[in-house]
Structures are given as structure tokens and as C-alpha cells.
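Below are the chains, spelled out letter by letter.
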Amino acid sequence: MKRVGVFLCWCGSNISSAVDLDQVAEQTALLPHVVHVEQYKYLCSDPGQETVRKAIKEHALNRVVIAACSPRMHERTFRRAVGSVGLNPHLMEIANIREQCSWVHPDKVTSTPVAVDLVRTAVAKAVKDIPLEPSYVGIEKRALVVGGGIAGIQAALDIADSGYEVVLVEREPTIGGRMAQLDKTFPTLDCSSCILTPKMVEAGQDPRIRLLTYAEVESLSGYIGNFEARIRMKARSVDLDRCTGCGDCWNKCPYRSPGEFDLGLGKRKAIYLPFPQAVPNKPVLDRATCAYFQKDGKCQVCKKVCAPGAIDFEQQDEILEERFGAVVVATGFDLWDHGRYGEYGAGQHPDVISSLEFERLVSASGPTDGKIKRPSDGKLPERVVFIQCVGSRDEAKGVPYCSKVCCMYTAKHAILLKEKIPSSQSYVFYIDVRAAGKNYEEFYRRATVEYGAQYIRGRVSRIYPRGDSLVVVGEDTLLGQKVEVEADLVVLATAVVSRSDAPQVAQKLGFSYDQHGFFTEAHPKLAPVETNTAGIFLAGACQGPKDIPDTVAQAGAAAAKVVRLFAKDQLETEPTVARVDRARCAGCEWCRPICPYKAIEMEAVTERVGSGQVARRVAKVNPSLCHGCGACSVACRSGAMNLLGFSNEQVWAEVEALCL
Amino acid sequence: MKLAYYPGCSSHGSAADYDRSARAVAGALALELVDVPEWNCCGASSAHGADHRLAMYLPGRNLAVAAGMGMGGVVTPCAACYSRLNRAHHWLAEDRRRWLELSAAVGVPYNDVGKPRSLLEVVVGDVGLEAVAAQVRRPLKGLKAAAYYGCLMLKPPEVARFDDPENPRSMDDLLQALGAQPVRWGFKTECCGASLSVSRPELVEKLVGDILDNASAAGAECVVTACPMCQANLEQRRSERHRLPVFYFTDLAGIAFGLSPRELGIPMHLGEPLELLRGKGLLAAGEEGQG
Amino acid sequence: MSVAEREPKIVGFLCNWCSYAGADLAGTSRTSYPTSVRVIRVPCSGRVNPQFVLRAFQLGADGVLVAGCHPGDCHYSTGNYFTRRRFLLVKRFLDYLGIDQRRFRLRWISASEGPKFAETIREMTEELRQLGPRDAAAVEAHAE
Amino acid sequence: MAVVDLTEAAKGREELLTRVRELAETDPLACYQCGKCSAGCPLSFAMDYQPRQIIRLVQLGMREQALGSSTIWLCAGCATCTTRCPRQVKIDGVMDALRQLAGQDGRAPREREVAAFHTSFLESVRRGGRVHELGMVGSYKLRTRRIFQDGGLGWNLLRHRRLPLKASPLRDRKTVERIFRAAEVRG
Amino acid sequence: MRSEAVRAAARRLLEEGKVVRFLGHAPGFDPTSPFPQLITRAEEAERLVLDHFCAPNLAKYLLDYETQEGVTAVVLKGCDALGLARLLADHRVARDRVWVVGLPCPGMLDRDKAAALLPGVQEARAEGDEFVLTGAGGERRVAAGQVLLDRCLVCAVPTPDDADELLGEPVPGRPVPREEDAAVAALEAMTSAERKAYWTEQFSRCIRCMACRNVCPACNCRSCCFDSEEPRWLSRVTDGPAQEMFHFVRALHVAGRCVDCHECERVCPMDIPLMKLNHKLLQDVEELFELERAFVPREVEPLGIYRPDDPEEFA
């Protein structure tokens, strides 16, 4: 006998203010199988859950319907509450009368019938619920970290330190990411490589971390605890075991071309080390600019001078297949292409540069050894204009959001400029200085008071050349007057944007991304480092613009999530998976090609027919591989394949109840 | 190629010279311009400040008449008329019900005549630079010219939908095709003050001064424009220190095609436009000193 | 009251990861939309069996909406590709059997497209109101 | 500088905002006062309020100051501001709308000569369907009693056959008259 | 016509022990509607017959012997062979337990058309492009086109291509191109309401005898969803909606898998135009999923695969 208890939540007043719950209760009480209806102000609270538990015991309920907020919010909470009094957690259904009723139908007269229908439907489904038990699956206690910037490095170190094996995959020839390109970091003016390099070395030397640089994840399949990754090791043309990093090859190599690390401001050889502190501290041969590959085998200087014989032109890409239990994605960000800012003549005038280019100029390991030389004529600039929000907060340019970090690094640039060229004067055109972090406001104050940066509130409208300097036209909105600055160098704080191939990476690894290409977290406030795909975590700017402190904090959080997963020996998988009714299954295999997780196999069964035994083949679902999407249950015309939790019986009952 | 031609009010008066060179160059490029019959004033700078409906109906009527002519679309030499016609076309394209409103107001049925185009847009876009270069008899060798686009031909981009509002290239490319040497300068798209020339001439003098300073600093020997208001302001509101002659792009195209200054109405410009052409050896014997 | 006044009834099958989350987002941003829709949550749009859709029509639904993730973004990677194939056929076959194809809608609505969900419901409700009532013979007598 | 009573200004704010939104088909509230419009405006040097400040006045509902400004008259309509606005506010549309509201309020324009020019211009259009430049400038001079302005320039243009004495109006004068009336009716 | 050949084949196969049973046709109530006949001993071969009225498709009967020992021989025409191919593709029958006796099919007669032309018709003899009908009412010579089954007029596969032995020389398919089914186009031209009325009337005649399901090689589930108690996909009441559900589901379940053999239409006692449903789906499958001859069974059914660039109508 099905004994259903229905609990209507007020949700403070979120529901009760827009839905006549008394009327809902009244009509629900008339439904078949409903033996108990109760209202409570906050069902999700402890006392709220206690009333449910008490009612289950008191009225011997064997089905529960919670009419409250979305199941995406508290399904797990109420399952646990129901389970705690011995009732199978899957004998509980939720009617969403908040997000999909009271909050969208404010008028009580019209919203109440909707709530009545939704509760009736939930009751109909609950009546068809059957107890479900989770199954357990093993966990491969190895972590894959995608992206070798500070986020990836920190996550890898934390996971390795907890005793688990980590594979860190980095697309560039060295780890270090964006931070390696920075000179100093705010708000403490620590030298970026001084605080980053030790972590890089540590990551390079930690036996539990396997560095795969100049490599990309080709594909990822499987599910939490049992991922299978195919990793492409791009041909480096250098045998890392033999190479000692002595430098003979890149010293002798005659071919030079613009260096990507220095954003084209400096040159590097065809075989090169991106920057001195690179880890691994071994070169990579760029086949696009190497004469051996481009001019069919002419020059082999590097091979000749290499004592340990580490140069290998025949090296091919290699595919590694590895198993992992969890993945941390830390693929970082790019800067917006300021060439699209026609008004600033960017891309046409060499002295209008991006903030990262300025960072390279001011960096000691940069192309100009730290001297801020103007790209046009190499002179030291006296008057430098910094422009904030170039691309950011600009719907016309397609980047409506604030990039969060530019205000602080521009203040840093103003300080570095004054330190390097004491006679210089910096002008910063800003709209709002956003210095909300710890010691950030104080740092901004130093830039103006101690280093004399001239802050002008107003967006620059236009930059045009006059003689060999640049005229920057803006409005000082505090003065209320149009202003001009004649500058020797203009630095644009361009917007932080997602990597150009971020959507492809997201689809390849199997989680979602937003319209700007930033990866979508499971919940912006409650689950910022998780994705909707269990077992895949996020860290750093790939999830949205953020500074180094937040990035490192997220990396630590992601690592904690991984370690928390690995602390278990086996994983409890959702019981709402597909199941075959052997008696009905004809073994036609219509279901098999549908499953993206290859969770359906055929198995031989023997059964008595008349006097003899007969063998035949039926479908079999592997509960640990099945994710419970249900696509196979529709392909099975006879209804032999069913999806537990959303079974044919349950959905059919919902449709019937809904349309009465 | 046959197009409905909207000359605009200044073609009778202060821009009679532009009208002459425009028609001459169109003829040389086998562009058949058929005047919009009984065209009316587009409202230029005054209508849109007085009444939004008036600012749409005045140019709207011309679009409706042009649509009735069944040509390949409507073209106008003047940047102000081009801007107003485009605004009306954009307003009509947004909502078909406005077609009925316009037809009722102006008494001419409207259907889409296609995006109005400026003469420069047609010469560079439809005729094409190869066809222009093919007509060149007298390349403007050594003539350093500052291509001045002004504002109404390019802005706002979602209405004008022509070239790049910040770094336009079309007139520079045309000058190159004519053999001239376009100079790189910063005031290509700065506004000249347009109709303020009559009511607040001193403001226009300041704007024109800045534009011409930047042009001469960039080594230009003359300024080339495609808008009668810009030409009038640059020519009539400049101070003594500026001697740069101001041509219409159709003047230079005509000269390059071998047409005489008289046919192009160049002598009607104020200042000494012929002096520069003579200096560059671009005037044949007979064309000297035509008043 | 005739259907013109009575609000059309729409049965909505929403996939849990995208469209249901989108509908929730419309709720959290307090975007109101007509009370015509009743939502049934399914793990994936690929779980919606065409027989559920026809059953809904037979039980008096004026319109049926199936909503899922945009192809390529499915939480189960390929579920909605099968949804698309099935309902390319079913949409036409329903119409062929005399159920006007404007009564059935399949739409890709992502978790961040709350407004698109509300707009879909408004559009469908308006269109169904204009389509008018479904003939009585098609709707099963409600034997209690 | 007197203290601005914002609650007082707020009374007319909603009405002003609605009218501006309707006429300019844009929303001034989207503006976050970044000043890019003022910076790019060729005539802001001559204006009492910067274009940004005009938008600020509208945001606050300060109708008197906005409609009484010289800015809305000195705006040349070059649309540089609208082209570059990061919040895609049509600032040139707002200027047009405010000029229309000033006209409707019957307020004396802050820039008398500019307003006079536009009146003469539209009179000439209404009379002949096309602008007769000589006639229009003549009516402008009478209206502003600046009889001798640009005398030399006028003579020069006449000599170069660019200032025809005779107008060339439309054959049917009612063509444009009907348009003016239709616009006034729709208001 | 070929009765002698089929009896000889049956006797041989059974005597040699190549097969343990032989599925053929035998005379039914009257000579124009033969019955399927199973024989297990050589001497029973005499009871077999193979003439122009042997339309019934014997492929699906193989399911009954799936669980029994030994190889089964079966007489299959071209269209019947497609039915077998369907059962093989659906893993319901193992090819190595079947011996196919292929009949290069000259085209089978429509019993009703023949009876209309010559009441009491007993026999038919093919002569060139004509048939000589003989029966109680005497004899009559008629053109083939007047008396063949509709499906035989456009048959593209008269000879089974996977037969173990053939009863006679292969016959080429009729070169009639497969054009859009005119009947489907006519229905599509109607308004939604007209179609509703049409199908409601057609379906109202259905007595739910399940003959169409039982004969259809594509409808080979071990237990049919219509028989399911929970959920009750199909109400047992034969009112309007339930009839609609039955035909909607039956056609949709074979969408992309129907082999266009027309047996369902032939066996329907109430002459409901079932092929108008199947052809509509067959055309849509071919057009939407860019498939040639979608009625030929493939390794995976069209609804069991997808292409990322399938037509997108649901943005």
C-alpha cells in the first residue's frame, strides 16, 4: 500500500506570498495514496527536516513529496533526511513550486493551480518510485592537471604533497604560464620570477609530479574516478633525457625570429629556451623557423655542436594513454587584441603598446634587459600615458565585463616607470580604480602619493601622432573639461579574455562554458572550483578574470576537492542508471550504439525452454559507466531497457497526472 | 550602371562646382545618374533638431520616389544628405509598419530602395579601383594629398555602414589609384563644424585650423574631401597661415581622367586651386588661367 | 470558458542540466511568464520518448515543449543529437497525422538562457491561443 | 554654486527620461559617466556643459539646466560620441531630443544664433521644398540683425557663380507643406 | 509455376539432412490464399505449392525455430529476403541456422484484383506480359498490370541476393525509379484538420487484430510494448486516441527499419492504408538523413546514429 506524505514549504515567504498553500494542501489531501499533508516555514532547515522525519515515522509513510524549491537546490538534502529514518532516499520526489511557480507567477489566483498540478504530478511519480541502491566503483588515485601556469603548478604541488601521483600537461615548452612573463607583482612588488621559480623547480623535481610540457590533451573519456586521457606529446626534436641544457645549440643556431614569450619585441633562435628559468630547463626546436625543416635539411648546426647528441630531427608526435581519477583545468587567459581599438591607432603606431608588452620591456629578463625603450626609436620615454579599461566594460567592443586586475597592475606600472626613469611622469586615464584586495588601496595610494602618478578620471577618446610623440585626447570628468596629454609612450590595459580555443577544450573535456568562453563553474557562490561534470575541477583565470592571490586560492581549493575524492577507496555512483528487464530483452542491440559511455554490452544467458536449456543474448548495463541519460531507453521499443529514477512508469504517470 | 541621383540643395548653390565635377566624373566612368524627379531637401542639420518625424519624412520622401524609379539604388554626392537618407532608410528597415506611416505622410508609396550610397562609395565600391585606374590619362604624380573624410559619411557605423569610422581607407586608395600620394595624418575623421559655419563662424575657424595644421604637418599639399559642407568650411573658414587648396575627390579624378578644370568647375573654388595643379604639371596648355 | 479565454496548457519536458536550470534561472531573476506551462524534469532531452509527447496531446495538452542543451553542449555529450534526429521525424509525423506542427516545439535552451525560456513560453502561449482549441475527439474522455 | 535638491529634480525625472528614451531610442541610464563622448566631441571646448554632463543632468532629471544649456545647440551632430560610447548610448540622439523638448517648452534657446539659423533653414525648406541659400542666409541675418556678417565671403561666392539669386523651388509647393503638417500632427 | 521445383528442393534438402525442417507454402482455404507450411520429412514435400498467389512472407516464422536445433530451410522471394536481412540486422536470427531457397520472383497476384476480374478464380498462368486466369467461371487473359500486387509493380529487388540456392534464373528488378509516393504527397497537401479527419476515419476501422504487427519483419520484439501492463502504453479501449496511439507507435517503431515489403497492408483485414504511414517516414528518413534506399537494412539503424551536422530546425 503506497502511503504518500506531502510537505509544502513556505520558504520564508518566497512561496507562501505568491501561492495559496492552504488551497494546495486541501486539494492534495484528496489525491489517491496521500495520507498526510503538512506545511512548514523552512523545510530545508534542521527543524524543517525533523518534521519530515517525525511525520514519516508517525504516519508510516513509504513515499515523500517535498513541494519547495528546485530539486537542483536541495534534492540531496531531502534524500539524506529521508534516508536517515530508514526510508530509501529514492522514494522522495520534489515539486518545484518556487523557481518554476511562485517566483515566475506572482499572482496567487493563477499561480495556485500551477502549484496544485506540480504537486499532483510529483505525487504520481512518487507512487511509482522504487527503492534504489547506489553501486560502487573504484577510483584511479591519479590526477591530471591541464595547464602549467601558477594555478596548475599550485594544484599539482598540493595534490602531490598529499601523496598522490599528478600528471601536469602544459602546451608551451615550459611551465610558468602568464606569471613568468611578469616583472613584479602587486601589491608587494615581489619579483614575479623570484616567487614563481621555486614553485616551478619544486614541481619539476617532485617525484610524484610528471611534467609533460609541449603536450596537449587530445581527448578525455570516462567519468569521475575512471577518466581515460589521450595526451599528444608534440615532437620537441630534443631528447630530454640526454640533453643537459648546456646551451651550445641555441648559442650556435644562426636563425633568429620574433620570440613569442617576449610578444615579438625580442628575437630568439630556432632552437631556444623560452626564458632563463624555464622548467624543464631544456630547449625546444621550432620546426616552423628551423632551416633543417624549412629549407629541406640544409643546416644541422645544433646537431653537430650537441655533445650528448640530444638533437633528434626524426622525433614524431607521440600519444600517451593514461588513466586518472580527477582532472584540474587551469588553462589560463589571453589578452584582448588591442589592434581592434581603431580610435587609439593601436596596431598602427609602434609606441601604443599593450600592458603585457610593457611588462616585458620593464622585465630584467625581457628583450631590453629592463630598460623601458620605446619600440619606435628605443628612446627612454619621459611622459607615459596608461589607459585603463581598453576593451573591458565596453559593450561596443564585445567585452562588457570588468577584467578585475588592470587597475592594480597599472598602478604597479606607474611605480616601476618612476623607479626606472625618475624624471618620467605617468598619466593614468581611469573610470573607477578598483582596489578591493588586501593592501590594494594602500598600494594605489603609494602610486599617487609616493610615485606621483597623475590619475585622470575619464576614458580616452582618441590618440593621434603629432611629430614623433602621441597626443592623447580625453575628458577630466572631475574637472569637467576636455584634456590633452602629449605622450612619448602609451600603454593600454587591455581586457582579460578567454583562450581562443577555450570552447573546443571545454567540449573536448566535457563541461560547459559561457558566452565569453570562460568555463562555467557548478555554482558561482557555492561551488566555484567545480564543474557540472563530476570529477573535473577549475582553477584560475580560465574560469574568469582574477589576480594571483585568488588564482592560488582556487588552485588550493581544487586540489582539496581532488584529495577529498581520493580519500575514498570507492565512489558511490548515482543509482539512477539504466537497467535491462531480461525477460523482455530480445537481444536486438538497438540500444547499444546510442550509449556515449559504451556502458551497454551483450551477455549470454541460458533459460529453460520446455525440457531443455537454451542460450540467448541479452543487453547488460554497466552501472559504473552509465551516467543515466536515458537515451537508450527510448531506442528500446519493447520497453525492456528502463531508466531508474526516471522510468517509463514514472514519466508516464507524470504525463497522466499533469494532464488531468 | 544606372542609379537614382540625389543632388541635394547645395548642388544649386554653394556646391555647384561639386555637382559639375561629380556629373563629369560619373560620365567618364559610365555611371548613368538619373536625377530623382522633384527631389526635396533632406532636412540636413536642422530637421533632426526640430522634430524626429520631420527628420525622417523629408529624406523618406526622396527614398520613396527613388524606389519608384526602379534603378540600382540611390546615390548622393553630399555627405550630409547621405547621412540623413541613411538614417531614414535605417529607421524604415527597423519596422515595416513605418513604411505605411511614411507613405501616408509624404503621399508616395515606399518600398525598400536598398541602402543609400555616397558617390565615393559607388566609385570605390561598385565601379572599383581597377576600372578607375584604367581611366587615368594624367596620373597625379607627386601630388601629396590629405584625404579628409569628415564625420557624416562614416558615423555612426551601424547606420553609415561604410569603410572604417576610425581608420578609413577608401579615399586614400582612390587617390593612390589616381597616381597621387595620400599622406598619413591624424585628423581624417575630425568634424569641421558643419552648419555652425553660419551661426558660430569662429568655432568652425578653430576646428578648420586644427585640421589644416595637422594636414600640413603631415606634408600634405592639398586636402581632398567628399562633402560640400566640409569643402566650404575648409576653404572659407581658414586663417591666412593656411594656403592648402581644398579639392573634391571628383576634381582630382576628373583631372587624372584628362578632363579640363573648367568642365570640373575647379575655377569656381575660392583661393588658387589651379596654382598647385600647374606646379605639378597637371594642366595642359589650353587649360591655363581659365577664370 | 472557450479556449480563447482559457489559458492554453503546455506540457514541457526539460533536460535537467540545461533547460531546467535555465527555467530555474528565469525564476531566480523573477522573470514572469504565462502559467500555461507544466514542467516534467528528465535527465536529458534524449530521454523524452515520442510516446510521452503523443500521450500528452491525447490527454488534452494544447502544446508540448521539449527543451535541451544546444547540440555539442549536452552534459551526456551526444544525448541531444538523438533528440534532434527523433524529433525531426516526429514533428513531421505528428503534423502528418493531423496534430498541427506548431503545437509541438523542440528548442535548445542553455542553463544561462533564462530569458530565452520565458520568451519561448510567451511565444508558444500566444501562438497556441491563436491556434484555438484542439478538437474534442482527439482528446481522451477523462474516465476517472 | 547652489545646492542641488535631487528629490525636487526627481519629480520631473521620470517624465524627462521617458520622453528622451522615446525620441532618442536610447537609455541615458546606461551611461556610467566615463567621459569618452566629451573627449571625442569636436565642439566640447565651446560648450557650457560637456556632453557627458548633459547626460548626467538627464539622469538626475535636471530638465531646466539640460534644456537651458548651450551644448544641445552647439552639437554639430557628427555622432563621434555615439560611435565610441562603451555603453552604446546614442548621445547625439539625446542632444536632438533635448533640442526638440526645448522647442516644445517654448524656451528661449541658449545659443540664439544657432537656433535662428535652424529656423531660417526650415522656413526656406517649407517655402520652396529646397533650401535657397541666399534667401536662407538673408532671413537669418534679419532675424539676428547681423546684417554685415560674411559680406566679403558672400560677394566672393557670387563672383564664383556659387550663390544664385534665383531659387529653384519644387513645382508643387504643397509636397513639402504636407510633410511639415504630417510631422506636426504626429508630434 | 514452380511447385515442382520447390517440392524437389524440399525432398533433397530433407533427405540429405542438410536441413531439419523446410518452410514453404501449401494450399489454404482456397487456392488463391496459400498458407505457410512447415514440413520435417521428405515425403511431406508433396504438400508444398509455389505459384503466383504465394505472396505471404515466410521470413518471420524463422523466429519460432530460433530456440530449436538444426538448420531451417525457407522459401524467400526478393522482398521476403529483405525481411530476413532485417531480422539478421536485428540479431534475431543467426544466418548460419537458415538455408535460403531463393525464388526469382516474377511478381505475385493481388487475390482481390484477380477475383474481381474473374470471380471464383483458381489458377493463374503467366504468359509474357499477361496472365491467364482460370477458375470456375472459365478463363480470362488479363494484362499483368491489372492483377499484380501494387508493390510488385515497382519491385526493385525481385531476386534475393543472399540465397543459398535459387529456384530458376535471376530476374532483374523493374527499372521503375522510386519516386515520391503520390498518396503521401496528396495527404501532405491537405490541411492539418483534413488529415486529422482522414486518419481518424481510417483508424476507426482498425479492429486491433495485430496482424500488421505479427507479419512485420521489423516488428520483431520479444515482448511488445502494447502488451505491457505497466506502463500501459496502449489503452485496450479502441477509442479515437488509443487507435491513434497504436498506429503512431507502430509506424514510429519501424521508422528507418521498415523494408517496404507492404505485407502489413496486404494482411490488414480492414484495408487500412498502412504504407501511407510507413512511406511518409521512409521519405523523411531518406531526405533528412541523406540516405539512399533507406529500406535496405544497414548495420546500425538510422535512428541509432547521428551526425553533428544533421538538419538544425530547433535553434
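These remarks concern the structure in this document.

Each value, and the rule that gives it
- Residues numbered from 1 in each chain as written.
- Chains lettered and ligands numbered in written order.
- Predicted model: local features only at pLDDT ≥ 70, side-chain atom pairs only at ≥ 80, totals over all residues.
- Heavy atoms only, no water.
- Helix = DSSP H or I, 4+ residues; strand = E, 2+ residues; numbered from the N terminus.
- Rg over C-alpha atoms; globule rule 2.2 N^0.38 Å.
- Buried < 20%, exposed > 50% of the residue type's maximum accessible area, 1.4 Å probe, protein only.
- Contact = heavy atoms within 4.5 Å.
- Areas by Shrake-Rupley, 256 points an atom, 1.4 Å probe, with all protein chains shown as cover.
- Buried area = accessible area lost by both parts, 1.4 Å probe.
- Salt bridge = Lys/Arg side-chain N within 4 Å of Asp/Glu carboxyl O.
- Nonpolar A, V, L, I, M, F, W, Y, C, P; charged D, E, K, R; others polar.
- Patch = residues over 30% accessible without salt bridge, like charges linked within 9 Å, V, L, I, M, F, W, Y side chains within 5 Å.
- Lys, Arg positive; Asp, Glu negative; His and termini not counted.
- Charge placed at Lys NZ, Arg CZ, Asp CG, Glu CD.

A word on the overall build of chain B. Looking only at helices and strands, chain B has 15 helices and eight strands in total. The C-alpha atoms of chain B give 19 Å as radius of gyration, which agrees with the globular expectation for 291 residues (19 Å, within 12%). The C-alpha extent of chain B, read off along each of the three principal axes, is 55 × 40 × 35 Å. Here chain B, with 291 residues, has 68% of them falling under the buried criterion. Here the analysis covers contacts within chain B between residues at least 6 apart in sequence; of these, 74% occur between residues at least 24 apart. Surface summary for chain B: the accessible area is close to 9,200 Å², and the carbon and sulfur share equals 52%.

This paragraph deals with the interface of chain B and chain D. Note: interface size is frequently given as the accessible area lost on complex formation between the parts. Counting from both sides, the interface comprises 64 residues of chain B and, opposite them, 56 residues of chain D. Of the roughly 5,200 Å² buried at the junction of chain B and chain D (both faces included), carbon and sulfur atoms supply 58%. By the criterion of area lost to chain D, the three top residues of chain B are Glu38, Ser46 and Val198 of chain B, representing 11% of everything that side buries. The salt bridge partner of Arg200 of chain B is Glu111 of chain D, with a shortest N-O separation of 2.6 Å. Here the residues of the side of chain B that touches chain D sort into 28 nonpolar, 19 polar and 17 charged.

Residue and element names in this part refer to chain A. A contiguous patch of positive charge on the surface is contributed by Arg76, Arg80, Arg564 and Lys568. Relative to the assigned elements, Arg80 resides in helix H3 (residues 71–83). With relative accessibility at 57%, the residue Arg80 sits in the exposed group.

Sorting the six pairs of chains in contact by contact count puts chains B and D at the top. One finds no contact between chain B and chain E; the C-alpha atoms of the two approach each other to within 23 Å at their closest. You won't find any contact between chain D and chain E; their C-alpha atoms come no closer than 27 Å.

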